[in-house]
Amino acid sequence: FSVDGDPHFIISVPQKEDAICFNINENPGAVLNLINDPVTGTTVNGELIGDKRPNSDAKIQNTYFGKLGIANKHLNLKLTVTPEKITVQNGNEKTGFTWLDSVTLQQEGLTLIINRKKNLVLKMGSGASFVIVLHQVWKKHPLHQDFLGLYTLESDKLSEQTHGLLGQFFHPIDFTILEIHPGSDPKKPDATMIVKNKELTVTRGWQKDYRTDPKHGVDVPCWFVHDNGAGLIDGVHTDYIVSSLF
C-alpha cells in the first residue's frame, strides 16, 4: 500500500496477485488525508507541491508529496518530513534531523531509522510501520523538485476503523475484471472492473515501487482507475482534503 510520484496510489490485492492504482490530481498546497485510525490514534497527511514552473501545455499539472505529517495522538508524537528535514515532536520536545544524517532513534513508543539520503523507517507504538522514500532530482532541473513517497508495512496492525485515501484499502478489497479489450494505447488494454458493486472502466498499466530501488523503481503492473479513483474510493477525492498537516 503506497503513494509515490504524482500522487499515484498503489493498492496491492494479494489474493488476486494483482494491484489497483489511481492518481489524485489536486492543486499544489492541498493537504490530503492518507491514513486516519481513531483507535490507534494514527494519522498521516500529505501536502502537495508542484513543478518549479507550471507546464502551460498540460491540462493536469504534475504534483508530488512535498511534506508528510505523521502523528499518534495517544503517544503525543508528531513527525514532519520534507525533502530537506525531519522533525520529531514528542510532547513539547522537538528534535530535528536532515537527510544527511544516519540515525537510529528509540524513544518510548517510537522507533525512527534514517538511512542517509535514501529513506526513513518509522514505527509508533504497536501500530503499522511507515517507510518514507526521498526522491532527489538534479538540483538544476528546470522543472522537477525533490519529493517524498510513502509506503505502509504491517497495515494489519491498524484498526478496522482505519480510513483515508490510502487507509480505507487496508481492509481486504475484491474485484473482478471482465471484457479486456484494446484501449487508446496499444500497450495498455482497457477492461471493465466490478468493485464495490460498481462497474468501472480501467486501463492496464504500470506504476513504480521505489522501496527497493529508490532511483529507478520496480515496475508494478496494475489496473488503473481513472478520474481521481472515482467509484473505487469512498466518496469523492475532495472529501479527503484537510486544512492542515496536523
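Our structure is the block above this text.
All values reported here derive from a predicted model rather than from experimental measurement.

Take the packing of aromatic side chains next. The tally for this structure, following the rule as stated, stands at 4 aromatic pairs. An angle of 5° between the planes, with centres 4.7 Å apart, marks the rings of Phe-9 and Phe-22 as stacked. Of this pair, Phe-9 sits in strand S2 (residues 8–13) while Phe-22 is found in strand S3 (residues 18–23), placing the two residues 13 residues apart along the sequence. Taken individually, Phe-9 and Phe-22 each receive the classification buried, so the pair is uniform in this respect. A connected cluster of aromatic rings, assembled from ring pairs, spans Phe-9, Phe-22 and Phe-169. Just above the ring of Trp-223 sits the side chain of Arg-204; from NZ or CZ to the centre is 4.7 Å.

This part covers the environment of Lys-196. Within the element layout of this structure, Lys-196 appears in the loop between strand S16 (188–195) and strand S17 (198–209). Spatially, the C-alpha atoms of Lys-196 and Ile-173 are 8.4 Å apart, while their sequence positions differ by 23 residues. Not counting chain neighbours up to four residues away, the residues in contact with Lys-196 comprise Gln-168, Gly-231, Leu-232, Ile-233 and Asp-234. Here Leu-232 takes part through its backbone oxygen, which lies 2.6 Å from a polar atom of the side chain of Lys-196.

Relative to the elements of secondary structure, Cys-21 occurs in strand S3. For Cys-21, a relative accessible area of 1% gives the class buried. Apart from the residues within four sequence positions on either side, Cys-21 is in contact with Phe-9, Ile-10, Gln-207, Cys-222, Trp-223, Phe-224 and Val-225.

Definitions and limits used
Residues numbered from 1 in each chain as written. Predicted model: local features only at pLDDT ≥ 70, side-chain atom pairs only at ≥ 80, totals over all residues. Heavy atoms only, no water. Phe/Tyr/Trp six-rings, centres within 6.5 Å; stacked < 30°, edge-to-face > 60°. Helix = DSSP H or I, 4+ residues; strand = E, 2+ residues; numbered from the N terminus. Buried < 20%, exposed > 50% of the residue type's maximum accessible area, 1.4 Å probe, protein only. Lys NZ or Arg CZ within 6 Å of the ring centre and 35° of its normal. Contact = heavy atoms within 4.5 Å. Polar contact = N/O pair within 3.5 Å; in protein donor to acceptor, adjacent residues only side chain to side chain.

These figures capture arrangement, not role.
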